[in-house]
Amino acid sequence: MRLAIDVMGGDQGPRAIVAGSARAVVENPGLELILFGPRQQILAELSRLPQPLAAAASRLVVCDAPDSIMPSATAAWALRKGRSSSMAHMLRSVARGEADAGVSAGNTAALVALARRELGMIKGISRPAISTAIPARAGRRCYLLDLGANVDSPASRLVDFALMGAAMAQCVDSTAVPRVALLNVGSEATKGSASVREADRLLREYANDDAFTYEGYAEGGDLFKGQLDVVVCDGFVGNAVLKASEGLTSMLVERVQMAFESRLSGRLASLLAKPVLKRLKRELDPVRYNGASLLGLRGIVVKSHGSTHADGFYYAIQRALKEVEHNLPARIAGRWQASSCENDGAY
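Anyway, here's the lowdown on the structure attached to this text. Not measured: the values here are computed from a predicted model.

## Focus: the overall build of the protein chain
The secondary structure content of the protein chain amounts to twelve helices and eleven strands. In the protein chain, which comprises 347 residues, the share counted as buried stands at 50%. Within the structure as shown, the protein chain displays about 16,100 Å² of accessible surface, and the carbon and sulfur contribution to it stands at 51%.

## Concerning empty space enclosed by the protein
Per the stated rule, a full pass over the model turns up two cavities of 30 Å³ or more. Volume-wise, the largest cavity comes out at about 60 Å³. If you go around the largest cavity, the residues you meet are Leu294, Leu295, Gly296, Leu297, Gly299, Ile300, Val301, Glu323, Leu328, Pro329 and Ile332. Listed by contribution, the elements that provide at least two residues to the lining of the largest cavity are strand S10 (292-295) and helix H12 (328-342). Looking at the lining of the largest cavity, its residues break down into eight nonpolar, two polar and one charged.

## Things to note about the packing of helix H5 (residues 86-95) against helix H6 (residues 108-119)
As a packed pair, H5 and H6 sit with axes 9 Å apart at the nearest point and diverge in direction by 35°. The element H5 and its partner H6 pack so that their crossing is right-handed. Every residue of H6 that contacts H5 at Met87, Ala88, Met90, Leu91, Arg92, Val94 and Ala95 is listed here: Ala110, Leu111, Leu114, Ala115, Glu118 and Leu119. Residues belonging to the contact of H5 with H6 are distributed by class as follows: eleven nonpolar, no polar and two charged.

## What about a nonpolar patch on the surface?
A contiguous nonpolar surface patch, about 280 Å² in accessible area, is contributed by Val151, Phe236 and Val237. Its location among the elements puts Val151 in the loop between strand S6 (141-145) and helix H7 (155-173).

## Some thoughts on the nonpolar core
Counting residues in each nonpolar core, the largest one holds 74 residues, and the members touching the most others are Leu91, Met164, Leu182, Phe212, Val232, Leu294 and Ile332. If you tally residues by element for this core, the top one is H7, at 13 residues. Residue contributions to this core reach at least three from each of two domains, namely domain 1 (1-128 + 296-328) and domain 2 (131-285). Val7, Leu35, Val62 and Ala320 belong to the second-largest nonpolar core, a separate cluster that totals 31 residues.

Thresholds applied
- Numbers given for residues are sequential positions, taken from 1 along each chain in its written order.
- Local features in a predicted model are, by the rule used here, given only for residues with pLDDT of at least 70; side-chain atom pairs are given and counted only at 80 or more, and totals for whole chains, interfaces and linings are based on all residues.
- Here the side-chain values reflect all heavy atoms present in the structure, with hydrogen atoms and water set aside.
- Per the convention used, a helix needs a DSSP run of H or I reaching at least four residues, while a strand needs a run of E reaching at least two, with both numbered from the N terminus.
- The rule is simple: take the accessible area with a 1.4 Å probe, protein chains only, and divide by the maximum for that residue type; under 20% is buried, over 50% is exposed, in between is partly exposed.
- Every accessible area reported is derived by Shrake-Rupley at a probe size of 1.4 Å, with residue values counting cover from the shown protein chains alone.
- The way it works is a 1 Å grid over only the protein atoms, where trapped points that fit a 1.4 Å probe form a cavity and open points with protein on both sides within 12 Å along at least five of seven lines form a pocket, and then any residue with an atom within 4 Å of a point lines it.
- Grid points are joined across faces, edges and corners, and a volume is the space filled by probe spheres set on the points.
- Just so you know the grouping, Ala, Val, Leu, Ile, Met, Phe, Trp, Tyr, Cys and Pro go in nonpolar, Asp, Glu, Lys and Arg go in charged, and all remaining residues, Gly too, go in polar.
- Here an angle of 0 to 180 degrees is reported between the N-to-C directions of two axes, which are lines fitted to C-alpha atoms, with helices fitted over the stretch in contact.
- Two helices cross in a left-handed way if the nearer one is turned anticlockwise from the farther one by less than a right angle. They cross in a right-handed way if the turn is clockwise.
- Contacts are assigned to residue pairs with any non-hydrogen atoms lying within 4.5 Å of each other.
- By definition, no residue in a patch forms a salt bridge, and every one has over 30% relative accessible area; like charges are joined within 9 Å, nonpolar side chains (Val, Leu, Ile, Met, Phe, Trp, Tyr) within 5 Å.
- Think of a salt bridge as a Lys or Arg side-chain nitrogen and an Asp or Glu carboxyl oxygen that are within 4 Å of each other.
- Only buried residues count toward a nonpolar core, which is a set of Ala, Val, Leu, Ile, Met, Phe, Trp, Tyr and Cys residues joined through side-chain atoms within 4.5 Å.
- Domain boundaries shown here were taken from an automatic or database domain assignment.

What follows is the structure, given as structure tokens:
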């Protein structure tokens, strides 16, 4: 399997992305990565890899792409002047079939715009949606979308998100009939914006029972209860919810650790507390959930957090590998075609 990597996108610079890529290759013997960015800079980072990761260099192919897209660049600028950037080269390699998927920690707006142009959309889907998994109770997880690709979405697009999110849960998590809800400010029918209320009406009329079960409105706290598989919202709300959740998780882990340290003293107490804290951090650490999918494209593209370190980028690559394994775009396209036939003219 071969993946394309945009080395120049992250806030931490190429070092974190190269190190995360090297770890992924070491742990996946059949994996090869194409690294797009300034050749000399990438080669310098490869030479700095510690010994356990240095063996990965033979399966890290360097492709020179000297230009990059700045975090402050607009989507319009990227479309006009970003054709020679590492991000654009990465996406073109996916479009040409040279790579099975692409991963970038770069500018989200630029990535969405360039991916839409280079890869194209699945027939019937107008715009991609960004989705990621959020940890929930009982070891479950809930997919939230959109996370910023579409700041203000009409009702029909929210229905599209529901279909794509359900397909994601079915393909990746083998959820037979995903439970889908609309994020709202309350459960009452009269609450919410006009587009959310209209989307609620459309989803209730949706006839394809095999696609998902519509559970109505959900509030913010319902994301973490483990009773929903997909929660749909516009990109403005989704991005705010995601960032707030990540911040809260980090703060809670730190507070719990401080509570243990302040109340427990002595070597024995420290030994007892250590595995509990380690397990809590492992289960809730946002790094483990890094990697958001751009759904609706004719190829697989995963967006990593821009601020991620090597471990986070490694998990974004793992997300891309899982989507390749399940052939996610084809599954979404198949579901889309089936739903269009069964619900022709429903909305």
